Every structure is written in C-alpha cells, then in structure tokens.
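Now for the letters of each chain:
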Amino acid sequence: MADTKILVVDDEPRMRKLVKDFLAKKNYIVIEAGDGEEAYDKFVENKDISLIIMDVMMPKMDGYDTSEEIRKISKVPIIMLTAKSEEKDELRGFDIGVDEYITKPFSPKILVARVEAILRRYQTSDENSIIVAGNIKLDATAHKVTVDGNLIDLSFKEFELLNYFMVNQGVALSREKILNNVWNYDYFGDARTIDTHVKKLRAKLGESGKYIKTIWALGYKFEV
C-alpha cells in the first residue's frame, strides 16, 4: 500500500488528522483538503489518487457537489462521511456514484477496513484496465500513462482520447465517432478540436506518437 494515495476531505482539521493517522499506520499516502473546491483541485493535480474519503457538509462545495464534479472526470472510489442517515440523502449519493456511506461517529478501524475492502474490489474488477501497446502502458484505474516506463503528463481529455484509441486498436475511427465517444453527444463544438488534441497527444508521446495514424478524409487509427 506504500504507493496508494488517498484524498481525505473534511473541513474539520481534527477529523482529517484522525483519519490520516489511522491510514498512515497502513502505509497509505494521505492528501488532505479542507473543502470541496480544494478537494477537486487536489484531485486534478494528483492523477494517481486511488480513493477519496469525503465529508458531506463542507463550505464552498459540499460533498455531493464535489462528488458530482469528480464523477465527470473519474470513476475513483468515493467513501462519504455523513452525520445524515436519511434514505433520500444516501440515495442522492448513490445516484452520483458514491461507493459507500459511513455515518459519524464511526470507528477509524472500521473505516480503514472499508477502505481496504473497496480498494481490493476495485483492483480485482479493474485487472483488465491496464492496456499495453508497443512501449505505451495505460492504467485506467490509476489514470496514468507511461512510455518506456516514463510517466507522461496528459490532460484529462488527452488521456480519454488515448484510452479510446488503444481500446480500439486497428479500427478506423471517424472524427464524429471519436467526438461522440470521448467528448460525448452533448458536445457542440467543432470536430476539429480532435485534431488539436491529437497533435498535442502525439507530441507528448514522442516517438510513440507515430502509432496514431491519420486516415485522410475520415479520422484516425491507432496501430502499432
């Protein structure tokens, strides 16, 4: 667990310290945030966070709103800490994609046990999330890409674009199809934005950028 990062989000410093101390005993790396906005920013900055423990009631952005924003860019497991136990509140969280609720007050040992159980479940279910093509390795769970073992810093959309290419190796993909699958159907921008992202992605991949081949008048194909 030495390389596993957990984001702990709570506006009470004493609560953050309590959770951090127990997680640290299991050798987890703990990143702290005091409100929803800070949590979102830290999650975006740290692309290898494996799990989030988040309080519901916080200033600026509460736990629900923060979870909604994070769910737009990641499927990272989220444990919600809440003093509320009403069914409607829990249902809202599950609709957003919260993995589990723990009601305050709680036993820190139970929290750590839940953390370990969820991480094991995700690691088991995501065994096939690692894709290797040539010298590129993409880990969808950790949301990171390496080329020849070197970590490549990609934006969220660049990562999603590369993931889509690698999942569809050898398939000719039109710009419209890429747009619909990576940017979703509710994107109303110009399809040429794909060309801009592909150009940046190729540059970041270096020599491996040649795997992304242009198909004239259609789009692209990823081929090693």
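Computed from a predicted structure; not experimentally measured. (Residues numbered from 1 in each chain as written. Predicted model: local features only at pLDDT ≥ 70, side-chain atom pairs only at ≥ 80, totals over all residues. Heavy atoms only, no water.)

Asker: Hey, could you run me through the packing of aromatic side chains in this one?
Answerer: If you walk through the whole model with that rule in mind, you get two aromatic pairs. Both rings, one in F165 and one in Y220, keep their centres 6.3 Å apart while their planes meet at 65°; by these two values the pair is edge-to-face. You can see F165 sitting in helix α6 (residues 156–167) and its partner Y220 sitting in strand β12 (residues 219–222), a full 55 residues away along the chain. Relative accessible area serves as the criterion here: at 0%, F165 is assigned to the buried category. The class for Y220 is buried, based on a relative accessible area of 4%. For the ring pair Y211 and F222, a centre distance of 5.9 Å and an interplane angle of 70° mean the geometry is edge-to-face. Here Y211 is found in the loop between α8 (193–205) and β11 (212–215), whereas its partner F222 is found in strand β12, with eleven residues between them in sequence. Judged by relative accessible area, which is 11%, Y211 ranks as buried. Exposure remark for F222: the relative accessible area of 0% places this residue in the buried category. Here the basic side chain of K25 rests over the ring of F22, its NZ or CZ set 4.6 Å away from the ring centre. (Phe/Tyr/Trp six-rings, centres within 6.5 Å; stacked < 30°, edge-to-face > 60°. Helix = DSSP H or I, 4+ residues; strand = E, 2+ residues; numbered from the N terminus. Buried < 20%, exposed > 50% of the residue type's maximum accessible area, 1.4 Å probe, protein only. Lys NZ or Arg CZ within 6 Å of the ring centre and 35° of its normal.)

Asker: What am I meant to see in unusual backbone geometry here?
Answerer: Note: most residues except glycine have negative phi, and most peptide bonds are trans. With omega at -10°, the peptide bond leading from K104 into P105 counts as cis. Along the chain, P105 falls in the loop between β5 (100–103) and α5 (108–125). Phi angles above zero are rare outside glycine, and N27 is one such case at about 70°. Here N27 lies in the loop between α1 (13–25) and β2 (29–33). With phi around 55°, D148 is a residue other than glycine that occupies positive phi space.

Asker: Help me understand the packing of α6 against helix α7 (residues 175–183) in this model?
Answerer: For any two helices packed against each other, the geometry is given by the interaxial angle and the distance between the axes. Running from N to C, α6 and α7 point in directions that differ by 120°, and their axes come no closer than 10 Å. Here α6 is positioned oblique relative to α7, judged by the angle of their axes. Helix-helix and strand crossings are classified by hand; for α6 and α7 the assignment is right-handed. On the side of α6, the interface is formed by K157, E160, L161, Y164 and F165, while α7 contributes K177, I178, N181, V182 and W183. Residues belonging to the contact of α6 with α7 are distributed by class as follows: six nonpolar, one polar and three charged. (Axes fitted to C-alpha atoms, helices over the stretch in contact; angles between N-to-C directions. Parallel < 35°, antiparallel > 145°, perpendicular 65-115°, else oblique. Left-handed = near helix turned anticlockwise from the far one by under 90°. Contact = heavy atoms within 4.5 Å. Nonpolar A, V, L, I, M, F, W, Y, C, P; charged D, E, K, R; others polar.)

Asker: Which parts of the structure should I look at to understand the side chain of H143?
Answerer: Relative to the helices and strands, H143 is located in the loop between β7 (136–139) and β8 (144–147). Overall, the relative accessible area of 17% leaves H143 in the buried class. When near neighbours in sequence (up to four residues on either side) are disregarded, H143 contacts K47, I73, F156, F159 and E160.

Asker: Any chance you could explain the sheet that holds strand β3 (residues 49–55) here in plain terms?
Answerer: Strand pairs in the sheet, formed through backbone hydrogen bonds, run parallel or antiparallel to each other. If you trace the five strands from one edge of the open sheet to the other, you get β2-β1-β3-β4-β5, paired in parallel fashion. Bordering the open sheet on either side are β2 and β5, each of which pairs with just one other strand. The sheet shows a mean angle of 20° between the axes of neighbouring strands, taken without regard to direction. Running over the sheet, α1 touches β1 (5–9), β2 and β3 and is turned about 170° from β2. Across the face of the sheet, helix α2 (residues 36–45) comes into contact with β1, β2 and β3 while running at roughly 140° to β2. (Pairing = 2+ DSSP bridges.)

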